[in-house]
Amino acid sequence: MPSRWGGSPREDASRTIAPLNCALPVTITSSSPDAILHEVFGYTAFRGAQAEIVNHVIGGGDALVLMPTGGGKSLCYQVPAIARHRRAQGVAVVVSPLIALMQDQVGALEEAGVHASFLNSSLTLDETQKIEREMMSGRLVLIYIAPERLTTPRMLAQLDSLQQRGLISLFAIDEAHCVSQWGHDFREDYLALNLLHERYPEVPRIALTATADDLTRADIIARLQLEDARVFISSFDRPNIRYAVVEKDEARKQLLRFIQDDHEGDAGIVYCQSRKKVEETASWLNDEGISALPYHAGLDTGVRKRHQDRFLREDGIVMVATIAFGMGIDKPDVRFVAHLDLPKNIEAYYQETGRAGRDGQPADAWMAYGLADVVNQRRMIDEGPAAEEFKRGQRGKLDALLTLAEAHDCRRVRLLAYFGEASERCAAYQNACDNCLTPPATWDATEAARKALSCVYRFHQNGGQRYGAAHLIDVLRGKATEKVVQRGHEALSTFGIGADIAEAQWRVVLRQLIALGYLRTEGEYNTLELTATAREVLRGDVQMLLRQPSDTPKRSSKTGRVTRATRGGKDKPPPLPLDDAALLRFEALKAWRAEVAREHNLPAYIVFHDATLAEMAQTQPDSMDALAQISGVGAKKLEAYGSEILRVLGD
Ligand code: ADP
Ligand code: ZN
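All of the points below concern the structure found in this document. (Residues numbered from 1 in each chain as written. Chains lettered and ligands numbered in written order. Predicted model: local features only at pLDDT ≥ 70, side-chain atom pairs only at ≥ 80, totals over all residues. Heavy atoms only, no water.)

Some words on the pattern of salt bridges
Then comes step 1: Tallying each qualifying case throughout the model produces 35 salt bridges.
Then comes step 2: Taking the shortest distance from any N to any O, the salt bridge between Glu-39 and Arg-86 comes out at 3.1 Å. You can see Glu-39 sitting in helix α2 (residues 33-41) and its partner Arg-86 sitting in helix α4 (residues 73-88), a full 47 residues away along the chain.
Then comes step 3: Under the relative-accessibility criterion, Arg-86 is labelled partly exposed at 29%.
Then comes step 4: Close ionic contact of Arg-199 with Asp-160 constitutes a salt bridge, the shortest N to O distance being 2.7 Å. In this pair, Arg-199 sits in helix α9 (residues 194-199) while Asp-160 sits in helix α8 (residues 153-164), placing the two residues 39 residues apart along the sequence.
Then comes step 5: Relative accessible area serves as the criterion here: at 39%, Arg-199 is assigned to the partly exposed category.
Then comes step 6: Each member of the salt-bridge network shares a partner with another, and the members are Lys-248, Lys-277, Asp-341 and Asp-373. (Salt bridge = Lys/Arg side-chain N within 4 Å of Asp/Glu carboxyl O. Helix = DSSP H or I, 4+ residues; strand = E, 2+ residues; numbered from the N terminus. Buried < 20%, exposed > 50% of the residue type's maximum accessible area, 1.4 Å probe, protein only.)

This is the structure we're talking about:
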C-alpha cells in the first residue's frame, strides 16, 4: 500500500493556510506536520526529537521512541495519524493498556477537533458497534484499543478488511515496555502484538515507552520484531522537576510546611509505604486544611475510582497513596510528588517522581529521609522471602538509592548517570536540585566514622552485648545516662571521644555507615553490629565526606502558586510572574474552565492547560487573532471557546 502514503511529508506545506492569525471560520486541511501542530494542537514548535519522529513515521518508517514522561510521546503518533488520514483516509490503531488513559486521550483529541474513539470493556454492545462502523468507514482518525481486544478474531477480521482497502494508517504501541518480562508492568496480551507486523507488514509501527534501561529496550525490539525500526532515544532529564531530599525530622510537619510554602492549592501526590500511614496522613492533612484523599489497594474499588476521578477532575487535590496509585495517571498539572518513605530503588523513585510536571511547568520531587528508612528497607529485604541471589540485587539497588539520598553534589547528575546518561550539574537550571541551589556544607567524617565503629567494637569486647544508635551516641558524646552508668560504659576507652560532634551529626554518620553497609542493624531494637567490611573504615581506608545536617528548611521561598506555575524550566521562556490584576484574570479563566469541564464531563486540563490560561491572563489578547497566538489554542478550541474567553477577559 505504500504508494497511497508516498511523498515527502512537507510537500504540501505551501497549501497551509495562514494557520494562526486568520479569521474564522478556519478550514485547513494541510497534512504538513507543522501545520497540524499549529492548527490542531495550537503549539508553535515540535520539541526535541518529535519532528524527526513524526516525519519518519509519516514517511512509512517504523520507530521505537524512548522518551521520559512528559516528553511529548503522544504527538509522535497523533500528528502522523492526522497527516496520513488527511492524505489517504485511514485510521491509526493505538494499543494502550489503560482504560482511563484512553478515555482522556480521546477526550483531548475530540476537544481539539480530531475524530477519535476507543474500544474497550467499558462500552455497551451498542456503543461498540457504532464505533466499529465509524472505524470501518475510514472516517475515524484514531482508534484506541486495549491489547486483549486487538488480537480477537473479530477485531482481526475487521483489521483485515480495513487493510484490504488501505485504510490502516499506522499502528502505535503505547507503554511498549509492557511487552517485557523484565519490567514491573508486564502484560501477557502485549506478547501477541508481534502479529501486527506479521499480518500487516506494510503498515508503519511506532512503539513508545518511558522505560529507559537496555534490557527492556532489547526486549521490546525482539518481541515486537522492531529490528528494522529507527530508535529515537531522548534525554531522560526532566528539567522542570526540582529534586530535593530533606532530613526527616517530624516528617508530617515538614510535608505540611512544604505544601503550605510552595504548593498551596496545587495538585500533588504523597507516597507512603503502608496503607495505615496513607490513611493517617490523608486525614491529618485534611485536618490541617489541605484537600487530601487516600488511595491504596485495601480500599474498595468504588472508593478508589471515586478518589482517582476527583484527583483528575478537580483542582488542587492531594492524593496520599501507596505505590498502587500512579500507573496510567497522565494528569499534566501534578505540581509535586512527595515521598514520606523511601521508595524501593532509583527506578521506582524516578517513575514516581516523573508523574510531576508532565506539562513542562515547574514541579517538585521532594523526599523526607532518615535513619529509620534505611533500617526498614534493609530489614524488608533481609526478611523477605526472596532467594539470596535476588536479595543481593535488591541490596545493590537500595545502596544506589541511599547514595543518591546522602549525596551532597548534583542529584540530577547522579540520577541520569544511573540511567547511563552523562550530564553536568544542574546549577544553571531554573529548577535546579536542592544541592545545586544551596550547596550543602560538608565535613570530613572519616575520623568520626572510625570512632563510632571502634565504640561498637568495644561494646562487643565488653560482654558481647549489642546496643542501638541512641546509646552509642550517648557513649561517644560522653553522656553518663543511667544506662551508660549501669553498663559500665563510662569506663570504655571510647567514652566521650566524640563529644565535639553534635548528636544530629552523629546520626548522619551512623546512617551513612548503615547505608554503606559497614554497620548492620539487628532485631526488634535495631541494635548495631559490625559487618565484615567495617575493617576498611577502622583501618582508615575509607574517606567519608558528609553533608552537614542543617536545621533550617532548605527553601523558604514564599512564592505564590501562580508565579511558580508560570516560571519556566531551562528550555522555557523567561518567567512570567503574574501581577495582581493578571492573577484575577487567571482565576476568572479557571472558574470558566471548571464550568466547561463539568458540562463536557472532562478533566479541566483537557479544555486548556494552566500554562495556556496563565498566558492568556498575562498577555490579555483582545481579538480572535491575538488569542490564536497563544500556545495551546488550536483552531477548534478557538472556534469553540474564543469568544467566551474574550468575554471573560473583557469583564
Ligand atoms: P508523555 O506521553 O511523553 O508523558 P505527553 O504526550 O502526555 O507526554 O505530553 C506531555 C505534555 O506536553 C502534554 O500536555 C502535551 O500537550 C505537551 N506537549 C507535547 N509536545 C508539545 C509541543 N511540541 N509543544 C508544546 N506542548 C507539547
Ligand atoms: Zn543539581
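Quick notes on the coordination of the zinc ion (ligand 2)
Then comes step 1: Protein ligation of the zinc ion (ligand 2) involves Cys-410 (SG), Cys-426 (SG), Cys-433 (SG) and Cys-436 (SG), the donor distances falling in the range 2.3 to 2.4 Å.
Then comes step 2: Note that the zinc ion (ligand 2) binds four donor atoms; their angles at the metal cover 102 to 119°, and the shape is tetrahedral.
Then comes step 3: One chain supplies every donor to the zinc ion (ligand 2), and in sequence these donors are spaced C-x15-C-x6-C-x2-C. Here Cys-410, found in the loop between α16 (388-406) and α17 (411-418), pairs with Cys-436, found in helix α18 (residues 434-437); they are 26 residues apart in sequence, far enough to count as distant. The pair Cys-410 / Cys-436 is uniform in exposure class, with both members buried. (Donors = N, O, S within 2.8 Å, 3.2 Å for Na, K, Ca; no water. Tetrahedral: all angles 85-135°; square planar, octahedral: opposite > 155°, others 65-115°.)

Description of the site of ligand 1
Then comes step 1: Taken together, 15 residues form the shell around ligand 1, and within it Tyr-43, Gly-70, Ser-74, Arg-358 and His-609 come nearest.
Then comes step 2: The separation between an oxygen atom of ligand 1 and a polar main-chain atom of Gly-70 is 2.5 Å.
Then comes step 3: A distance of 2.8 Å separates an oxygen atom of ligand 1 from a polar atom in the side chain of Lys-73.
Then comes step 4: Calculation on ligand 1 without its partners gives an accessible area of 560 Å², and the protein chains cover 85% of this total. (Near = heavy atom within 4 Å. Polar contact = N/O pair within 3.5 Å; in protein donor to acceptor, adjacent residues only side chain to side chain. Areas by Shrake-Rupley, 256 points an atom, 1.4 Å probe, with all protein chains shown as cover.)

Topic: the side chain of Thr-353
Then comes step 1: With respect to the helices and strands, the residue Thr-353 is situated in helix α14 (residues 346-353).
Then comes step 2: The class of Thr-353 is buried, set by a relative accessible area of 1%.
Then comes step 3: From its side chain, Thr-353 meets the backbone oxygen of Tyr-350 in a polar contact 3.4 Å long.

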